[in-house]
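Reading the structure
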Amino acid sequence: MRGTRVLVLNSGSSSVKYQLLDMADASRPAVGLIERIGERTSYLRHVPAGGPPREREEPVADHGTALKAVAEELARDGLGLDSPELAAIGHRVVHGGRRFTEPTVIDDAVVAEIERLVPVAPLHNPANLAGIRTARALAPHLPQVAVFDTSFHTTIPEYAARYAIDTAVADEHRVRRYGFHGTSHAYVSRRAAELLGRKPSEVNVIVLHLGNGASASAVARGRCVDTSMGLTPLEGLVMGTRSGDVDPAVVFHLARVAGMSVGEIDVLLNKRSGLLGLCGDNDMREVLRRMESGPDAGAARLAFDVYVHRLRKYIGAYYAVLGRVDAVVFTAGVGENAASVREAAVTGLEGLGLAVDPERNAARGGGPRLISPPAARVAVAVVPTDEELEIATQTYALVTGRTDGET
Ligand SMILES: Nc1ncnc2c1ncn2[C@@H]1O[C@H](COP(=O)(O)OP(=O)(O)O)[C@@H](O)[C@H]1O
Ligand SMILES: CC(=O)OP(=O)(O)O
Ligand SMILES: [Mg+2]
(Lines give C-alpha, C1' and ligand atoms only; values in the text may rest on other atoms or scores of the structure.)
(Ligands and ions follow the chains in the order given, each with its own letter.)
Protein backbone atom coordinates (compact mmCIF):
# COMPACT_ATOMS: atom_id res chain seq x y z
CA MET A 1 0.00 0.00 0.00
CA ARG A 2 1.23 3.41 -0.94
CA GLY A 3 1.43 6.22 1.60
CA THR A 4 -1.00 9.07 1.99
CA ARG A 5 1.43 11.97 2.22
CA VAL A 6 2.44 14.49 -0.43
CA LEU A 7 5.45 16.80 -0.26
CA VAL A 8 4.62 20.07 -2.03
CA LEU A 9 7.51 22.16 -3.35
CA ASN A 10 7.18 25.76 -4.47
CA SER A 11 10.59 26.71 -5.85
CA GLY A 12 11.00 30.44 -6.50
CA SER A 13 13.98 32.23 -8.00
CA SER A 14 15.76 32.53 -4.64
CA SER A 15 13.56 30.49 -2.31
CA VAL A 16 11.98 27.12 -1.74
CA LYS A 17 8.76 26.85 0.23
CA TYR A 18 7.60 23.37 1.17
CA GLN A 19 4.81 21.59 3.00
CA LEU A 20 4.27 17.95 3.83
CA LEU A 21 0.54 17.20 3.80
CA ASP A 22 -1.22 14.03 4.87
CA MET A 23 -4.27 13.48 2.67
CA ALA A 24 -5.72 10.88 5.04
CA ASP A 25 -6.40 13.33 7.85
CA ALA A 26 -5.69 16.75 6.26
CA SER A 27 -2.79 17.30 8.69
CA ARG A 28 0.51 19.00 7.86
CA PRO A 29 3.34 17.07 9.51
CA ALA A 30 5.89 19.70 8.49
CA VAL A 31 6.16 23.07 6.74
CA GLY A 32 9.15 25.25 6.01
CA LEU A 33 11.08 27.52 3.73
CA ILE A 34 14.56 28.42 2.60
CA GLU A 35 15.11 32.00 1.51
CA ARG A 36 17.97 33.94 -0.08
CA ILE A 37 19.36 30.90 -1.93
CA GLY A 38 22.63 31.83 -3.61
CA GLU A 39 23.27 34.84 -1.40
CA ARG A 40 26.00 35.07 1.24
CA THR A 41 23.74 33.74 3.98
CA SER A 42 20.46 31.96 3.49
CA TYR A 43 17.65 31.60 5.99
CA LEU A 44 16.16 28.18 6.79
CA ARG A 45 13.00 27.61 8.80
CA HIS A 46 11.49 24.19 9.42
CA VAL A 47 8.35 23.72 11.50
CA PRO A 48 7.42 20.16 12.46
CA ALA A 49 3.79 19.74 13.55
CA GLY A 50 3.53 20.18 17.29
CA GLY A 51 7.26 20.86 17.67
CA PRO A 52 9.22 24.08 18.02
CA PRO A 53 10.37 25.73 14.78
CA ARG A 54 13.99 25.14 13.83
CA GLU A 55 15.65 28.19 12.29
CA ARG A 56 19.16 28.87 11.15
CA GLU A 57 21.24 30.96 8.80
CA GLU A 58 23.91 29.43 6.59
CA PRO A 59 24.98 29.68 2.98
CA VAL A 60 22.83 27.62 0.59
CA ALA A 61 24.43 27.81 -2.83
CA ASP A 62 21.66 26.57 -5.11
CA HIS A 63 18.33 24.74 -5.32
CA GLY A 64 20.06 21.36 -5.22
CA THR A 65 21.67 22.18 -1.89
CA ALA A 66 18.39 23.65 -0.67
CA LEU A 67 16.39 20.51 -1.39
CA LYS A 68 19.03 18.37 0.29
CA ALA A 69 18.62 20.56 3.39
CA VAL A 70 14.84 20.12 3.20
CA ALA A 71 15.23 16.33 2.95
CA GLU A 72 17.58 16.33 5.94
CA GLU A 73 15.20 18.40 8.08
CA LEU A 74 12.32 16.06 7.22
CA ALA A 75 14.49 13.01 7.99
CA ARG A 76 15.32 14.38 11.46
CA ASP A 77 11.65 13.87 12.35
CA GLY A 78 11.39 10.50 10.63
CA LEU A 79 9.64 12.09 7.63
CA GLY A 80 12.45 11.67 5.07
CA LEU A 81 12.02 11.13 1.34
CA ASP A 82 12.43 7.36 1.87
CA SER A 83 9.47 7.26 4.27
CA PRO A 84 6.87 4.70 3.11
CA GLU A 85 4.16 7.19 4.02
CA LEU A 86 5.20 9.47 1.18
CA ALA A 87 3.09 8.94 -1.95
CA ALA A 88 4.42 11.66 -4.24
CA ILE A 89 6.06 15.03 -4.63
CA GLY A 90 3.95 17.86 -6.09
CA HIS A 91 5.71 20.78 -7.75
CA ARG A 92 4.29 24.23 -8.43
CA VAL A 93 5.30 25.10 -11.99
CA VAL A 94 4.54 28.67 -12.98
CA HIS A 95 4.43 28.42 -16.78
CA GLY A 96 2.82 25.46 -18.52
CA GLY A 97 2.06 27.24 -21.78
CA ARG A 98 -1.07 25.98 -23.56
CA ARG A 99 -0.14 22.33 -23.49
CA PHE A 100 -0.53 21.58 -19.78
CA THR A 101 -4.20 22.00 -19.00
CA GLU A 102 -4.07 19.48 -16.14
CA PRO A 103 -1.65 18.33 -13.44
CA THR A 104 0.91 16.07 -15.09
CA VAL A 105 3.18 13.24 -13.94
CA ILE A 106 6.72 14.40 -14.63
CA ASP A 107 8.94 12.43 -17.01
CA ASP A 108 11.83 13.50 -19.24
CA ALA A 109 9.46 14.79 -21.93
CA VAL A 110 7.58 16.97 -19.42
CA VAL A 111 10.87 18.37 -18.12
CA ALA A 112 11.87 19.18 -21.71
CA GLU A 113 8.58 20.97 -22.34
CA ILE A 114 8.91 23.06 -19.14
CA GLU A 115 12.43 23.89 -20.31
CA ARG A 116 11.09 24.92 -23.73
CA LEU A 117 8.86 27.46 -21.95
CA VAL A 118 11.79 29.19 -20.19
CA PRO A 119 11.86 32.05 -22.75
CA VAL A 120 8.29 33.03 -21.76
CA ALA A 121 8.94 32.61 -18.01
CA PRO A 122 12.60 33.47 -17.51
CA LEU A 123 12.18 34.37 -13.83
CA HIS A 124 10.10 31.39 -12.76
CA ASN A 125 10.55 28.22 -14.83
CA PRO A 126 14.33 27.84 -14.30
CA ALA A 127 13.78 27.79 -10.53
CA ASN A 128 10.89 25.32 -10.87
CA LEU A 129 13.08 23.12 -13.08
CA ALA A 130 15.94 23.19 -10.60
CA GLY A 131 13.53 21.98 -7.91
CA ILE A 132 12.16 19.24 -10.16
CA ARG A 133 15.57 17.98 -11.26
CA THR A 134 16.90 17.81 -7.74
CA ALA A 135 13.78 16.16 -6.35
CA ARG A 136 13.87 13.53 -9.11
CA ALA A 137 17.52 12.81 -8.34
CA LEU A 138 16.92 12.62 -4.59
CA ALA A 139 13.74 10.56 -4.80
CA PRO A 140 13.74 8.56 -8.08
CA HIS A 141 11.33 6.05 -6.52
CA LEU A 142 8.55 8.63 -6.04
CA PRO A 143 6.07 9.86 -8.64
CA GLN A 144 6.51 13.59 -9.18
CA VAL A 145 3.70 15.78 -10.42
CA ALA A 146 3.75 19.26 -11.93
CA VAL A 147 0.81 21.52 -11.10
CA PHE A 148 0.81 24.58 -13.36
CA ASP A 149 -0.16 28.16 -12.50
CA THR A 150 -1.41 28.52 -16.07
CA SER A 151 -3.74 25.47 -16.27
CA PHE A 152 -6.85 27.10 -14.83
CA HIS A 153 -6.57 29.86 -17.42
CA THR A 154 -6.48 27.63 -20.49
CA THR A 155 -10.28 28.03 -20.74
CA ILE A 156 -9.96 31.77 -21.46
CA PRO A 157 -11.58 32.43 -24.86
CA GLU A 158 -9.31 33.30 -27.76
CA TYR A 159 -10.56 36.91 -27.98
CA ALA A 160 -9.49 37.51 -24.37
CA ALA A 161 -6.21 35.61 -24.63
CA ARG A 162 -5.01 37.32 -27.83
CA TYR A 163 -3.06 40.55 -27.90
CA ALA A 164 -3.94 42.72 -30.88
CA ILE A 165 -0.58 42.31 -32.60
CA ASP A 166 0.53 40.70 -35.86
CA THR A 167 -0.72 37.12 -35.78
CA ALA A 168 2.33 35.61 -37.46
CA VAL A 169 4.68 37.19 -34.91
CA ALA A 170 2.40 36.24 -32.01
CA ASP A 171 2.12 32.62 -33.18
CA GLU A 172 5.79 32.15 -33.91
CA HIS A 173 6.85 33.43 -30.52
CA ARG A 174 3.85 32.20 -28.54
CA VAL A 175 2.89 35.72 -27.50
CA ARG A 176 -0.52 35.60 -25.81
CA ARG A 177 -2.17 35.87 -22.42
CA TYR A 178 -1.48 32.77 -20.30
CA GLY A 179 -2.36 34.00 -16.79
CA PHE A 180 -0.87 32.81 -13.50
CA HIS A 181 -1.81 32.01 -9.88
CA GLY A 182 -4.33 29.63 -11.44
CA THR A 183 -4.11 27.13 -8.60
CA SER A 184 -5.18 29.89 -6.22
CA HIS A 185 -7.91 31.27 -8.50
CA ALA A 186 -9.32 27.75 -8.96
CA TYR A 187 -9.29 26.91 -5.26
CA VAL A 188 -10.63 30.28 -4.10
CA SER A 189 -13.42 30.48 -6.67
CA ARG A 190 -14.56 26.99 -5.65
CA ARG A 191 -14.49 27.84 -1.95
CA ALA A 192 -16.37 31.07 -2.64
CA ALA A 193 -19.18 29.11 -4.31
CA GLU A 194 -19.27 26.86 -1.25
CA LEU A 195 -19.51 29.93 0.99
CA LEU A 196 -22.55 31.05 -1.03
CA GLY A 197 -24.07 27.58 -0.70
CA ARG A 198 -23.95 27.07 -4.48
CA LYS A 199 -22.11 24.89 -6.97
CA PRO A 200 -19.15 26.44 -8.83
CA SER A 201 -21.12 25.91 -12.05
CA GLU A 202 -23.88 28.19 -10.73
CA VAL A 203 -21.91 31.33 -9.89
CA ASN A 204 -19.85 34.11 -11.47
CA VAL A 205 -16.95 35.28 -9.33
CA ILE A 206 -14.22 37.92 -9.50
CA VAL A 207 -11.14 36.69 -7.60
CA LEU A 208 -8.51 39.19 -6.44
CA HIS A 209 -5.30 37.36 -5.49
CA LEU A 210 -3.24 40.05 -3.74
CA GLY A 211 0.09 38.64 -2.53
CA ASN A 212 3.60 39.68 -3.51
CA GLY A 213 2.51 38.91 -7.03
CA ALA A 214 -1.10 39.99 -7.62
CA SER A 215 -3.69 39.06 -10.20
CA ALA A 216 -7.42 39.28 -10.81
CA SER A 217 -9.56 36.75 -12.59
CA ALA A 218 -13.11 36.53 -13.92
CA VAL A 219 -14.58 33.08 -13.33
CA ALA A 220 -17.88 32.28 -15.05
CA ARG A 221 -19.66 29.15 -13.83
CA GLY A 222 -16.43 27.57 -12.64
CA ARG A 223 -14.38 28.38 -15.75
CA CYS A 224 -11.86 31.18 -16.02
CA VAL A 225 -12.78 33.64 -18.78
CA ASP A 226 -10.21 36.40 -18.21
CA THR A 227 -7.24 37.21 -16.02
CA SER A 228 -4.97 40.19 -15.50
CA MET A 229 -1.54 38.56 -15.89
CA GLY A 230 -0.47 37.95 -19.45
CA LEU A 231 2.47 36.47 -21.33
CA THR A 232 4.35 36.75 -18.03
CA PRO A 233 3.37 37.56 -14.44
CA LEU A 234 4.20 41.24 -15.02
CA GLU A 235 0.92 42.52 -16.49
CA GLY A 236 -2.12 43.74 -14.64
CA LEU A 237 -2.40 44.83 -11.04
CA VAL A 238 0.18 46.84 -9.11
CA MET A 239 2.32 44.38 -7.10
CA GLY A 240 5.01 44.47 -4.42
CA THR A 241 7.86 45.07 -6.88
CA ARG A 242 6.17 44.71 -10.31
CA SER A 243 4.57 47.57 -12.21
CA GLY A 244 1.59 45.72 -13.64
CA ASP A 245 0.09 47.52 -16.67
CA VAL A 246 2.19 50.20 -18.34
CA ASP A 247 2.09 51.64 -21.83
CA PRO A 248 4.40 49.31 -23.80
CA ALA A 249 6.00 52.45 -25.22
CA VAL A 250 7.52 53.09 -21.78
CA VAL A 251 10.02 50.39 -22.76
CA PHE A 252 10.99 52.11 -26.05
CA HIS A 253 11.15 55.45 -24.30
CA LEU A 254 13.50 54.22 -21.59
CA ALA A 255 15.66 52.46 -24.18
CA ARG A 256 15.90 55.52 -26.45
CA VAL A 257 15.86 58.39 -24.00
CA ALA A 258 17.40 56.89 -20.86
CA GLY A 259 19.74 54.55 -22.74
CA MET A 260 18.65 51.59 -20.65
CA SER A 261 19.18 48.06 -21.96
CA VAL A 262 16.32 45.58 -22.30
CA GLY A 263 17.77 43.68 -19.34
CA GLU A 264 17.81 46.82 -17.20
CA ILE A 265 14.22 47.67 -18.09
CA ASP A 266 13.20 44.10 -17.29
CA VAL A 267 14.72 44.45 -13.82
CA LEU A 268 13.16 47.90 -13.41
CA LEU A 269 9.62 46.72 -14.18
CA ASN A 270 9.83 43.36 -12.37
CA LYS A 271 11.94 44.16 -9.33
CA ARG A 272 12.07 47.92 -8.76
CA SER A 273 8.51 48.96 -9.50
CA GLY A 274 5.08 48.45 -7.94
CA LEU A 275 4.76 49.56 -4.32
CA LEU A 276 8.54 49.46 -3.95
CA GLY A 277 9.09 51.77 -6.89
CA LEU A 278 6.40 54.19 -5.81
CA CYS A 279 7.33 54.55 -2.15
CA GLY A 280 10.40 52.45 -1.32
CA ASP A 281 8.53 49.64 0.47
CA ASN A 282 7.16 46.49 -1.18
CA ASP A 283 5.48 45.19 1.95
CA MET A 284 1.88 46.41 2.21
CA ARG A 285 2.10 46.37 6.02
CA GLU A 286 4.86 48.97 5.86
CA VAL A 287 2.96 51.06 3.32
CA LEU A 288 -0.12 51.11 5.58
CA ARG A 289 1.96 51.98 8.64
CA ARG A 290 3.83 54.80 6.90
CA MET A 291 0.60 56.30 5.52
CA GLU A 292 -0.53 57.08 9.07
CA SER A 293 2.08 59.73 9.84
CA GLY A 294 5.66 60.81 9.38
CA PRO A 295 7.58 62.85 6.84
CA ASP A 296 7.07 60.45 3.92
CA ALA A 297 3.41 59.60 4.49
CA GLY A 298 2.64 61.24 1.12
CA ALA A 299 4.66 58.74 -0.94
CA ALA A 300 3.11 55.80 0.93
CA ARG A 301 -0.38 57.26 0.41
CA LEU A 302 0.25 57.70 -3.30
CA ALA A 303 1.48 54.09 -3.60
CA PHE A 304 -1.68 52.90 -1.82
CA ASP A 305 -3.88 55.04 -4.07
CA VAL A 306 -2.23 53.79 -7.28
CA TYR A 307 -2.57 50.19 -6.04
CA VAL A 308 -6.25 50.60 -5.17
CA HIS A 309 -7.12 52.56 -8.30
CA ARG A 310 -5.79 49.73 -10.51
CA LEU A 311 -7.72 47.19 -8.45
CA ARG A 312 -10.97 49.12 -8.89
CA LYS A 313 -10.43 49.31 -12.64
CA TYR A 314 -10.09 45.53 -12.84
CA ILE A 315 -13.17 44.98 -10.69
CA GLY A 316 -15.11 47.18 -13.09
CA ALA A 317 -13.62 45.51 -16.16
CA TYR A 318 -14.39 42.00 -14.97
CA TYR A 319 -17.86 43.05 -13.94
CA ALA A 320 -18.40 43.97 -17.57
CA VAL A 321 -16.74 40.74 -18.78
CA LEU A 322 -19.03 38.61 -16.60
CA GLY A 323 -22.22 40.64 -17.00
CA ARG A 324 -23.59 39.29 -13.74
CA VAL A 325 -21.43 38.92 -10.63
CA ASP A 326 -22.31 36.84 -7.57
CA ALA A 327 -19.18 37.50 -5.52
CA VAL A 328 -16.01 39.57 -5.39
CA VAL A 329 -13.44 37.62 -3.41
CA PHE A 330 -10.21 38.81 -1.79
CA THR A 331 -7.34 36.42 -1.11
CA ALA A 332 -3.56 36.07 -0.42
CA GLY A 333 -1.46 38.14 2.02
CA VAL A 334 -2.90 41.59 1.25
CA GLY A 335 -6.40 40.42 0.31
CA GLU A 336 -6.80 38.31 3.44
CA ASN A 337 -5.30 40.80 5.89
CA ALA A 338 -5.61 44.39 4.71
CA ALA A 339 -9.16 45.54 5.56
CA SER A 340 -8.35 49.07 4.38
CA VAL A 341 -7.39 47.84 0.90
CA ARG A 342 -10.64 45.87 0.65
CA GLU A 343 -12.69 48.83 1.80
CA ALA A 344 -10.99 51.25 -0.58
CA ALA A 345 -11.40 48.81 -3.47
CA VAL A 346 -15.21 48.78 -3.29
CA THR A 347 -16.10 52.14 -1.73
CA GLY A 348 -18.35 54.08 -4.06
CA LEU A 349 -19.29 51.01 -6.09
CA GLU A 350 -22.76 50.70 -4.52
CA GLY A 351 -24.17 51.26 -8.01
CA LEU A 352 -22.68 47.88 -8.94
CA GLY A 353 -24.19 46.31 -5.81
CA LEU A 354 -20.82 46.26 -4.07
CA ALA A 355 -20.22 47.32 -0.46
CA VAL A 356 -18.40 46.16 2.65
CA ASP A 357 -19.88 46.06 6.13
CA PRO A 358 -17.31 47.88 8.33
CA GLU A 359 -17.63 45.47 11.26
CA ARG A 360 -17.46 42.32 9.14
CA ASN A 361 -14.57 43.75 7.17
CA ALA A 362 -12.60 44.58 10.32
CA ALA A 363 -13.18 41.14 11.89
CA ARG A 364 -10.24 38.76 11.74
CA GLY A 365 -11.04 35.15 11.14
CA GLY A 366 -9.46 31.98 9.90
CA GLY A 367 -11.82 30.64 7.28
CA PRO A 368 -13.81 31.98 4.34
CA ARG A 369 -16.18 34.76 5.35
CA LEU A 370 -18.56 37.36 3.93
CA ILE A 371 -17.70 41.01 4.49
CA SER A 372 -20.62 42.55 2.56
CA PRO A 373 -23.75 43.78 4.38
CA PRO A 374 -26.37 41.06 4.98
CA ALA A 375 -28.75 42.14 2.21
CA ALA A 376 -26.09 42.92 -0.40
CA ARG A 377 -26.87 42.16 -4.05
CA VAL A 378 -23.30 40.99 -4.67
CA ALA A 379 -21.37 39.11 -1.98
CA VAL A 380 -17.96 40.49 -1.05
CA ALA A 381 -15.86 37.84 0.67
CA VAL A 382 -12.47 36.95 2.09
CA VAL A 383 -11.39 33.42 1.22
CA PRO A 384 -7.90 32.38 2.40
CA THR A 385 -6.02 30.72 -0.41
CA ASP A 386 -4.22 27.42 0.04
CA GLU A 387 -2.13 26.67 -3.03
CA GLU A 388 -0.24 23.91 -1.22
CA LEU A 389 -3.43 22.04 -0.32
CA GLU A 390 -4.69 22.39 -3.89
CA ILE A 391 -1.36 21.13 -5.31
CA ALA A 392 -1.31 18.22 -2.86
CA THR A 393 -4.94 17.32 -3.61
CA GLN A 394 -4.37 17.34 -7.37
CA THR A 395 -1.09 15.44 -7.04
CA TYR A 396 -2.61 12.79 -4.81
CA ALA A 397 -5.65 12.38 -7.04
CA LEU A 398 -3.40 11.86 -10.05
CA VAL A 399 -1.06 9.30 -8.48
CA THR A 400 -3.82 7.32 -6.81
CA GLY A 401 -5.93 7.34 -9.97
CA ARG A 402 -8.80 9.11 -8.27
CA THR A 403 -10.52 11.55 -10.59
CA ASP A 404 -13.22 12.97 -8.39
CA GLY A 405 -13.37 16.15 -10.42
CA GLU A 406 -15.22 18.94 -8.74
CA THR A 407 -15.46 18.82 -4.98
N1 LIG B 1 -1.63 42.12 8.11
C2 LIG B 1 -1.31 42.49 6.87
N3 LIG B 1 -1.72 43.68 6.39
C4 LIG B 1 -1.38 44.07 5.15
N5 LIG B 1 -0.66 43.34 4.31
C6 LIG B 1 -0.23 42.15 4.73
C7 LIG B 1 -0.52 41.65 6.02
N8 LIG B 1 0.04 40.42 6.16
C9 LIG B 1 0.68 40.18 4.98
N10 LIG B 1 0.52 41.20 4.13
C11 LIG B 1 1.08 41.37 2.80
O12 LIG B 1 0.95 40.22 2.00
C13 LIG B 1 1.98 40.22 1.01
C14 LIG B 1 2.48 38.80 0.85
O15 LIG B 1 1.43 37.99 0.45
P16 LIG B 1 1.60 36.41 0.27
O17 LIG B 1 0.31 35.90 -0.26
O18 LIG B 1 2.13 35.82 1.51
O19 LIG B 1 2.71 36.43 -0.85
P20 LIG B 1 3.34 35.35 -1.81
O21 LIG B 1 2.98 35.86 -3.16
O22 LIG B 1 4.80 35.41 -1.52
O23 LIG B 1 2.71 34.01 -1.47
C24 LIG B 1 3.02 41.22 1.48
O25 LIG B 1 2.96 42.38 0.69
C26 LIG B 1 2.57 41.57 2.88
O27 LIG B 1 2.83 42.89 3.16
C1 LIG C 1 3.27 33.92 -10.88
C2 LIG C 1 3.56 34.79 -9.73
O3 LIG C 1 3.46 35.99 -9.80
O4 LIG C 1 3.88 34.16 -8.60
P5 LIG C 1 4.27 34.84 -7.20
O6 LIG C 1 3.09 35.64 -6.74
O7 LIG C 1 4.53 33.64 -6.33
O8 LIG C 1 5.48 35.67 -7.47
MG1 LIG D 1 1.32 32.78 -1.59
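Model, not experiment: these values are computed from the prediction.

What counts and what doesn't
- Residues numbered from 1 in each chain as written.
- Chains lettered and ligands numbered in written order.
- Predicted model: local features only at pLDDT ≥ 70, side-chain atom pairs only at ≥ 80, totals over all residues.
- Heavy atoms only, no water.
- Helix = DSSP H or I, 4+ residues; strand = E, 2+ residues; numbered from the N terminus.
- Buried < 20%, exposed > 50% of the residue type's maximum accessible area, 1.4 Å probe, protein only.
- Polar contact = N/O pair within 3.5 Å; in protein donor to acceptor, adjacent residues only side chain to side chain.
- Contact = heavy atoms within 4.5 Å.
- Axes fitted to C-alpha atoms, helices over the stretch in contact; angles between N-to-C directions.
- Parallel < 35°, antiparallel > 145°, perpendicular 65-115°, else oblique.
- Left-handed = near helix turned anticlockwise from the far one by under 90°.
- Nonpolar A, V, L, I, M, F, W, Y, C, P; charged D, E, K, R; others polar.
- Near = heavy atom within 4 Å.
- Areas by Shrake-Rupley, 256 points an atom, 1.4 Å probe, with all protein chains shown as cover.

Turning our eyes to something else, we now look at the side chain of Ser 189. Residue placement: Ser 189 occurs in helix α6 (residues 182-195). Here Ser 189 falls in the buried class, since its relative accessible area comes to 8%. Of note is the side chain of Ser 189, whose polar atom sits 2.7 Å from the backbone oxygen of His 185. Setting aside chain neighbours within four positions, we find Ser 189 in contact with Phe 152, Val 207 and Val 219.

Moving on to the packing of helix α11 (residues 297-322) against helix α13 (residues 339-346). Between two packed helices, what matters for the description is the angle formed by their axes and the separation of those axes. At a closest axis distance of 9 Å, the pairing of α11 and α13 adopts a crossing angle of 50°. By the criterion of interaxial angle, the relationship of α11 to α13 is oblique. For the crossing formed where α11 meets α13, the hand is right-handed. Here α11 contributes Phe 304, Tyr 307, Val 308, Leu 311, Arg 312 and Ile 315 to the contact with α13, which in turn contributes Ser 340, Val 341, Ala 344, Ala 345 and Val 346. Its residues assigned to classes, the contact of α11 with α13 comprises nine nonpolar, one polar and one charged.

On to unusual backbone geometry. We note that Arg 36 has phi near 60°; this positive angle belongs to a residue other than glycine. Phi at Ala 332 takes a positive value of approximately 70°, unusual for a residue other than glycine. Relative to the assigned elements, Ala 332 resides in helix α12 (residues 332-337). Judged by its relative accessible area of 5%, Ala 332 falls in the buried class.

The subject of this paragraph is the site of ligand 1. The full set close to ligand 1 counts 14 residues, and Asn 212, Asp 283, Met 284, Gly 333 and Asn 337 are the nearest of them. Within the contact set of ligand 1, an oxygen atom lies 2.9 Å away from a backbone nitrogen or oxygen of Gly 333. In this structure, an oxygen atom belonging to ligand 1 sits 3.3 Å away from a main-chain N or O atom of Val 334. For ligand 1, the accessible surface in isolation is 580 Å², of which the surrounding protein chains cover 73%. Elements represented by at least two residues in the shell around ligand 1 include exactly α10 (284-292) and α12. If one sorts the elements of the shell around ligand 1 by residue count, α12 sits on top with four residues. Classifying every residue of the shell around ligand 1 gives five nonpolar, six polar and three charged.

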